[in-house]
Amino acid sequence: MNLSNLQQTLAQPKTPCRIRCCTVGGCLSANGLAVKTALQTAVADHHLAEQVKVKGVGCLGLCSKGPLVQIDPDGRLYEQVTPEQATQLVQMATDSSWSDDLSEPRIRPSDFQPDQHPFFTQQQHIVLENSGKVDPEKIEDYVALQGYAALYRVLREYSPDEVTKAIAQSGLRGRGGAGYPTGLKWETVAKMPPGQKYVVCNADEGDPGAYMDRSVLESDPHRVLEGMAIAAYAVGATQGYIYVRGEYPLAINHLQTAIQQARKHGLLGSQIFDSPLDFRIDLRIGAGAFVCGEETALMASIEGRRGIPEQRPPYPAESGLWGRPTLINNVETYANIAPIIRNGADWFAGIGTGKSKGTKVFSLTGKVQNAGLIEVPMGISLQAIVDDIGGGAAAGRSVKAVQTGGPSGGCIPASAFETSVDYESLKQLGSIMGSGGLIVMDDQTSMVDVARYFMEFCMEESCGKCIPCRAGTVQLYQLLCKFTQGQANSADLTQLEQLCDMVKHTSLCGLGQAAPNPVISTLQYFRGEYLALM
Ligand SMILES: Cc1cc2nc3c(=O)[nH]c(=O)nc-3n(C[C@H](O)[C@H](O)[C@H](O)COP(=O)(O)O)c2cc1C
Ligand code: SF4
Ligand code: FES
């Protein structure tokens, strides 16, 4: 089948008006499915099926204000919608007018136009371009928005080498945390001798406060499959795995549906788009260990062994799953691939800063007014994220710091908020870009408590293989507890700093090596809070 046949087969009739209802993540927990059902009932009761269509869609961005509903064609967005408001919404959608006669509670003043609201105006959507637009369970929706066009194009017009070069030229770096150049990784796997190779998607997302990957998978799963298939063509792999955490049942469900649909339409399996490419994808479900997000532990888990990290080198690109060359990338990394092919490497390289190209998805959470899922161009300031997009702290409070990079990251004080969000600048401040958790803290937050919280997390998630991490995180946690309980002295502070240094430099894997970061950064910027507790 060629692309236009696929598009014709999956073409859908258009309705003049659409009501899009977020039915994933936070909105689902806030009764979003009942809102969607009530909207569908209202449409049926008023015989409006010809005029208006109700769609379940993925994340619309402002997750903290869910359930969210958006009405096309003018794009008004309604917050905290209840099932009781369904009739009123349907009437407004079809009339485009406002009636005072309605008995249901009014929805205003929470409705607004996304193109005028600061939460949206500073964002740039590449990875999230389809989120909230497509029904994640419908391949038709994805194909209607150029889905699988990039895969078709590379199979017809590019050699595998040209694909790898395009990704390298785009400047894309891994979005899983370390920021390793994606093109270089693909090139290493591609250059390994022919034979069985694997493509793996790391969807184990375990950082507290991070839900970017879950949202991408729940909202637009085909985009990740397409990125993986393009990667398979580039590196010469025939088998792919998505390692997704078991705590994400909806993401798993949407992935299973997407894989079945892609197989049915010849987009996965043998001879994809009638080309020589054979590529299948299977899911592997993680059992909740944070350390299984580390690539060597992840591979051990896929192979059915206990998920504990191993010494590198060899790197997975050379010797990965069952000793074969394996490409491992993060969900968001794969989600960038199709747009890069569609729009060109130079287009992507034109967004962002010198060494940090493109955009970054963040889950903006904590003590901020507009919490939700955002995608911003690299190089934007933290100030713009926290104050403009996030709307700043609640009335009467002030923002004190943001935490980026989860348990491996650090806390950045408000005085450094002019800093550009890119890999190098965040590292210079003692934090990291990480995978995209961005937690805002206000003047009521104890930074020592924040450090203690993350250390407890690392202590519990340490696999125990090496002593510095296994014993060091426990000792660090105990010392931090002495501070939070007001029982620490100056010798404890000295020991805290020495232990941080030791654990950082002698642990085997990234979990232990980065575990002291939240302590080190809070000591650097908020030392006074430690001293005040002694
Ligand atoms: C303790 C630990 C947990 C990790 N968890 C994840 C994760 O959940 N998702 C992820 O993509 N990468 C995670 N990583 C990074 C991976 O090991 C790996 O670098 C990444 O998947 C590579 O993909 P990328 O190049 O696209 O970023 C983790 C690393 C460590 C040390
Ligand atoms: S650093 Fe921690 S998590 Fe990593 S291997 Fe050592 S004990 Fe396990
Ligand atoms: S989950 Fe509904 S807006 Fe994000």
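Relevant structure appears above.
Residues numbered from 1 in each chain as written. Chains lettered and ligands numbered in written order. Predicted model: local features only at pLDDT ≥ 70, side-chain atom pairs only at ≥ 80, totals over all residues. Heavy atoms only, no water.

**Concerning the site of ligand 1**
Reasoning step 1: Not every one of the 18 residues close to ligand 1 is listed here, only the nearest: Gly176, Lys185, Asn329, Asn330 and Thr333.
Reasoning step 2: Measuring from an oxygen atom of ligand 1, one finds a side-chain N or O atom of Asn330 at 2.8 Å.
Reasoning step 3: Contact with the protein chains covers 88% of the free accessible surface of ligand 1, which is 610 Å².
Reasoning step 4: Of all the elements in the fold, those that place two or more residues in the shell around ligand 1 are strand E8 (326-330) and helix H22 (510-514).
Reasoning step 5: Sorting elements by how many residues they give to the shell around ligand 1 places E8 first, with 3 residues.
Reasoning step 6: Partitioning the shell around ligand 1 into residue classes produces 3 nonpolar, 9 polar and 6 charged. (Near = heavy atom within 4 Å. Polar contact = N/O pair within 3.5 Å; in protein donor to acceptor, adjacent residues only side chain to side chain. Areas by Shrake-Rupley, 256 points an atom, 1.4 Å probe, with all protein chains shown as cover. Helix = DSSP H or I, 4+ residues; strand = E, 2+ residues; numbered from the N terminus. Nonpolar A, V, L, I, M, F, W, Y, C, P; charged D, E, K, R; others polar.)

**Some points on the pairing of strand E2 (residues 52-57)**
Reasoning step 1: A large share of E2 lies buried, amounting to 5 of its 6 residues.
Reasoning step 2: Note that strand E1 (residues 17-22) and E2 share 6 bridges and pair parallel. The partner of Cys17 across the bridge, within E2, is Val52. (Buried < 20%, exposed > 50% of the residue type's maximum accessible area, 1.4 Å probe, protein only. Pairing = 2+ DSSP bridges.)

**Some thoughts on the pattern of salt bridges**
Reasoning step 1: One pass over the full model with this rule turns up 27 salt bridges.
Reasoning step 2: Between Asp282 and Arg280 there is a salt bridge, with the nearest N and O atoms lying 3.1 Å from each other.
Reasoning step 3: Accessibility expressed as a relative area gives 18% for Asp282, which makes it buried.
Reasoning step 4: The shortest N-O distance in the salt bridge between Lys360 and Glu332 comes to 2.6 Å. Taken together, the residues Lys360 in strand E9 (residues 359-366) and Glu332 in helix H14 (residues 331-335) connect sequence positions 28 residues apart. Neither Lys360 nor Glu332 differs from the other in exposure class; each is buried.
Reasoning step 5: A network of salt bridges, in which partner residues are shared, links Glu129, Asp220, Arg223 and Arg342. (Salt bridge = Lys/Arg side-chain N within 4 Å of Asp/Glu carboxyl O.)

Worth remembering: the numbers are spatial, not functional.
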